[in-house]
Amino acid sequence: MLNKSHQYLILSSDQRLWKFDQPVIFLGEWCCQYRQKETRSRMNFSVFKPYGISSNEKDLDHIDVKKLEQLLFPQFCNILNSYHNSEYDVKFWKILLGHWFRRYINVVFNRVKTLQKCLESNNIIGVSLFESSSYSLSTSDSLDALWSFSNDRWNVELFSRIFEIIEPSETSVETVTDRSGIRCFKNTKEKEKATSFFKRVLNYINGLACFFSVKDQIFIINSFLPPYEEMKLHFKLGQIPKIRKNIRYLVNQNIDYSLRKSLSQNLKRDNTRNKIEEVLRNLLFESIPVCYLEGFNELLIASKSKKWPTNPKVIFTSNNFDTDEVFKLWTAYKVRNGSKYVVGQHGNSYGAARYIHPKNEVTTADRFITWGWNDNESNTLPGFIFKTVGKIAKEKYYGELLLVLSNYPHQISTWDEGFRYMLHFENQKKMINNLSIKVRQNLTVRLHSASSRIGWGEMERLKDFDSKIKISKDDISIDTALQNSRLVVYGYNSTGMLETLSLNIPTLAWWDGEFDHLTDDAKPYYKLLADVGIIHFTEESIANKINLIWDDIDSWWNDIELQDARSKFCMQYAKTRTDPITQMASLLSLST
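Residues numbered from 1 in each chain as written. Predicted model: local features only at pLDDT ≥ 70, side-chain atom pairs only at ≥ 80, totals over all residues. Heavy atoms only, no water.

S.K.: I keep staring at the nonpolar core and nothing clicks. Help me out?
M.R.: The tendency in soluble globular proteins is for nonpolar side chains to be buried as a group. Residues Tyr 526, Ile 546 and Leu 588 are the most contacted members of the largest nonpolar core, which totals 180 residues. Per element, the largest residue contribution to this core is 16 residues, and it comes from helix H3 (residues 90-121). What Ile 546 contacts, discounting residues up to four positions off in sequence, is Leu 401, Met 431, Leu 435, Val 439, Leu 487, Val 489 and Leu 508. (Core = buried A, V, L, I, M, F, W, Y, C linked by side-chain atoms within 4.5 Å. Buried < 20%, exposed > 50% of the residue type's maximum accessible area, 1.4 Å probe, protein only. Helix = DSSP H or I, 4+ residues; strand = E, 2+ residues; numbered from the N terminus. Contact = heavy atoms within 4.5 Å.)

S.K.: Explain the pairing of strand E14 (residues 485-490) to me, please; I cannot follow it from the model alone.
M.R.: For a regular strand, side-chain orientation follows a simple rule: the groups alternate between the two sheet faces. For E14, a buried count of six out of six residues is recorded, marking the element as mostly surrounded by other parts of the structure. Bridge count for strand E11 (residues 400-404) against E14 is five bridges, and the pairing is parallel. Its bridge partner being in E14, Leu 403 is matched across the sheet by Val 489. Taken together, the three bridges between E14 and strand E15 (residues 507-510) define a ladder with parallel strand orientation. Paired with Tyr 490 across the strands is Ala 509, a residue of E15. For the crossover from E14 across helix H18 (residues 495-502) to E15, the handedness is right-handed. (Pairing = 2+ DSSP bridges. Right-handed = clockwise from strand over helix to strand, strands pointing away.)

S.K.: Please clarify how the packing of aromatic side chains should be interpreted in this entry.
M.R.: Each aromatic ring pair is summarised here by two numbers: the centre-to-centre distance and the angle between the ring planes. Scanning all chains against the criterion turns up 43 aromatic pairs. On the basis of an interplanar angle of 50 degrees and a centroid distance of 5.2 Å, the ring pair of Phe 76 and Phe 101 is categorised as tilted. Highlighted residues: Phe 76 in helix H2 (residues 55-84) and Phe 101 in helix H3, separated in sequence by 25 residues. The burial state of Phe 76 is the same as that of Phe 101; both residues are buried. Summarising the aromatic geometry, the rings of Phe 569 and Tyr 573 are spaced 5.5 Å apart at their centres and angled 45 degrees between planes, so their arrangement reads as tilted. Of the two residues, Phe 569 and Tyr 573 are both situated in helix H22 (residues 560-573); the distance of four residues between them amounts to about one turn of the helix. Look at Tyr 573 and you get buried, because its relative accessible area is 2%. Linked through ring pairs, Phe 73, Phe 76, Trp 100, Phe 101, Tyr 104, Phe 149, Trp 154 and Phe 285 together constitute an aromatic cluster. The cationic tip of Lys 359 hangs over the ring face of Tyr 350; the distance from NZ or CZ to the ring centre is 4.4 Å. (Phe/Tyr/Trp six-rings, centres within 6.5 Å; stacked < 30°, edge-to-face > 60°. Lys NZ or Arg CZ within 6 Å of the ring centre and 35° of its normal.)

S.K.: What's the story with the pattern of salt bridges in this structure? I'm lost.
M.R.: Two side chains carrying opposite charge are able to pair once their charged atoms lie near each other. In total, this model carries 37 salt bridges according to the counting rule given. Residues Arg 161 and Glu 157 are paired through a salt bridge, measuring 2.2 Å at the closest nitrogen-oxygen approach. In this pair, Arg 161 and Glu 157 are both assigned in helix H5 (residues 152-166), four residues apart and thus about one turn of the helix distant. On the basis of relative accessibility, which here comes to 8%, the residue Arg 161 falls in the buried class. For Asp 479, the salt bridge is made with Lys 391, and the minimal N-O distance between the two is 3.4 Å. In this pair, Asp 479 sits in helix H17 (residues 478-483) while Lys 391 sits in the loop between strand E10 (380-381) and E11, placing the two residues 88 residues apart along the sequence. Overall, Asp 479 belongs to the partly exposed group, its relative accessible area being 35%. Via salt bridges that share partners, Asp 14, Arg 16, Arg 153, Glu 157, Arg 161, Asp 178 and Glu 286 belong to a single interconnected network. (Salt bridge = Lys/Arg side-chain N within 4 Å of Asp/Glu carboxyl O.)

S.K.: Quick question: what am I supposed to make of helix H19 (residues 523-531) here?
M.R.: Structurally, the α-helix is built with 3.6 residues per turn, so residues lying three or four positions apart point the same way. All of the buried residues along H19 are Tyr 526, Leu 529 and Ala 530. One side of H19 holds all its buried residues, which, seen down the axis, span an arc of 100 degrees. Where H19 is buried, its residues meet H18, strand E16 (535-536) and H22. A positive phi of about 85 degrees marks Gly 533, the residue just after H19. (Arc of directions from axis to C-beta.)

S.K.: What is the right way to read the sheet that holds E11 from this model?
M.R.: Where strands meet in a sheet, backbone hydrogen bonds hold them as pairs that are either parallel or antiparallel. Pairing in this open sheet of six strands is parallel, and the strands run E13-E12-E11-E14-E15-E16 from one edge to the other. Where the open sheet ends on each side, the last strands, each with one partner, are strand E13 (470-471) and E16. As defined by bridge partners, strand E12 (residues 443-446) adjoins E13 across two bridges and the pair is classed as parallel. By the bridge assignment, Val 445 is partnered in E13 with Ile 471.

S.K.: Looking at this structure, I do not really get helix H9 (residues 275-287). What am I missing?
M.R.: Taking 1.5 Å of rise per residue, 13 residues should cover 18 Å, and H9 covers 17 Å from first to last C-alpha, within 8% of that figure. The axis of H9 is deflected most strongly, by about 30 degrees, at Arg 281. With respect to burial, H9 is a largely interior element, 10 of its 13 residues being buried. Contact partners of the buried residues in H9: H2, H3, H5 and helix H8 (257-267). (Expected span 1.5 Å × (residues − 1). Bend = angle between axes of the 7 residues up to and from the residue.)

S.K.: So what exactly am I meant to see when it comes to the packing of H3 against helix H11 (residues 325-336) here?
M.R.: When two helices pack together, their arrangement is captured by the angle between the axes and the distance separating the axes. Contact geometry of H3 with H11 gives a least axis separation of 8 Å together with a crossing angle of 160 degrees. Looking at the two axes, H3 sits roughly antiparallel to H11. By crossing handedness, the relation of H3 to H11 is classed as right-handed. Judged by residue contacts, Lys 91, Phe 92, Ile 95 and Leu 96 of H3 engage Glu 325, Lys 328, Leu 329, Thr 331, Ala 332, Tyr 333, Val 335 and Arg 336 from H11. Residues belonging to the contact of H3 with H11 are distributed by class as follows: seven nonpolar, one polar and four charged. (Axes fitted to C-alpha atoms, helices over the stretch in contact; angles between N-to-C directions. Parallel < 35°, antiparallel > 145°, perpendicular 65-115°, else oblique. Left-handed = near helix turned anticlockwise from the far one by under 90°. Nonpolar A, V, L, I, M, F, W, Y, C, P; charged D, E, K, R; others polar.)

Next comes the structure, spelled out in structure tokens:
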């Protein structure tokens with residue numbers, strides 16, 4: 001034992017599970033919310049070190065989770081086929097639930113490893129958990145599952161199941177009755193925004209266009225092109241222009257606990273290699289979203305009722321491949337019957353992020369259209385950055401400093417992403433303190449749209465740091481915010497950085513850890529930007545750069561060496577074209 005003193009383990013920010021009369025250890029900083037820190041300061045406490053944050057650990061764990069996925073996914077699919085009386089291949093199931101499956105393996109891997117390391121290195125005498133019988137790990141669909149992975153109550157339940165399986169002999173478990181009446185995680189439904197009469201008319205016309213498009217050869221939904229450009233693409237393809245919207249479908253089926261228990265038995269093995277595999281075999285069918293099991297037939301009916309093309313040659317999306325259950329099931333069936341599945345790049349991590357490439361949508365697509373890069377895989381087609389097509393940036397030599405921040409991450413990696421985010425957030429405040437008075441007076445901070453939903457309290461923390469700090473309102477679009485700014489600074493490796501660089505908008509970015517999150521192929525291109533001072537890795541460096549160039553952004557940004565580096569980087573990761581719609585039509589036609 002590294003720590004010989006007896007400690008009580010705390011797994012959640014829910015104070016019903018805390019102990020105030022003895023030494024405690026919090027499993028992570030996520031076990032204490034921002035406004036609970038004053039209460040915690042009066043306790044005899046420590047916080048367990050975050051798991052898996054070194055590059056070496058990430059590399060090894062990435063290999064392990066890939067092996068687990070390769071081992072378990074075919075067995076999982078066979079059991080689903082047996083239950084649904086079907087013969088769908090692995091690709092069918094990967095299109096439908098591959099994203100959820102991979103995330104779930106990462107989540108379980110992280111929770112088991114974190115718990116094991118804590119129990120091994122500390123003298124944990126007890127832990128409080130809720131009674132397990134009243135709460136399910138299953139959710140309605142994969143979107144709810146994504147949000148549940150960062151939910152306190154859901155994670156306590158997962159830890160409870162893990163304790164039952166690994167059975168730590170020296171730790172007593174105290175059960176607490178949960179009287180909240182909550183039986184499973186459900187995402188809070190967003191309020192629908194009122195639409196104007198003009199928009200209602202446009203929606204009606206668009207609905208008619210979709211109705212008369214059942215014979216379209218190329219089905220397009222959420223291409224990530226601006227709406228007007230997507231309509232031009234339809235014209236180029238000889239189709240009636242239409243804009244298809246995301247409409248979430250929630251199945252109306254209850255969880256069948258006995259069914260899940262039976263299927264879990266089919267997945268269990270006596271000769272599992274380690275506790276993580278054992279936990280996964282025990283819990284995968286307990287946790288699978290309802291729409292893939294009890295609600296599968298209902299989801300199938302919903303997918304068949306769509307007024308979408310009957311026999312499309314090509315299905316193209318840059319967005320709906322992840323949590324749109326109706327689209328994924330419809331697509332899986334069409335691909336099974338011969339349609340080609342084409343996916344467009346969704347953000348900045350493709351072809352560059354070390355631990356998530358290739359993503360599920362890349363491996364399941366017949367063709368994957370990038371924003372410029374090519375990894376020489378047979379299904380990769382170099383394209384251009386979709387989101388900035390048709391946009392023209394106006395030169396602006398005055399205005400604000402726009403600092404764009406990320407949100408507290410979903411806890412879906414093998415390592416503790418929240419810990420690194422927390423440290424970097426504190427460094428963001430140090431960076432602001434290093435700005436000159438003149439620059440700081442012109443600072444506007446833009447929070448990520450997901451910040452308010454995740455609930456880490458970025459706005460509250462910033463206001464406690466500086467009550468006068470200007471924070472951009474949610475109703476101001478990023479395009480408007482950029483128009484009001486002379487310089488944009490991204491506080492993380494952002495998709496927005498690719499967009500503004502492609503538009504030749506004066507841009508800076510900074511993050512901790514240099515290039516450790518990038519693939520070896522991507523590092524030279526990002527180094528180009530670092531060498532000319534666009535990317536920085538410390539709060540002092542980025543603040544000094546801003547202070548230095550603030551009064552003459554134009555001369556700095558138009559430097560020949562800087563522009564050359566920007567152009568080379570964009571050719572790889574944010575390419576622009578003079579004929580983007582013609583090229584997109586060609587890429588989609590080639591896929592038929």
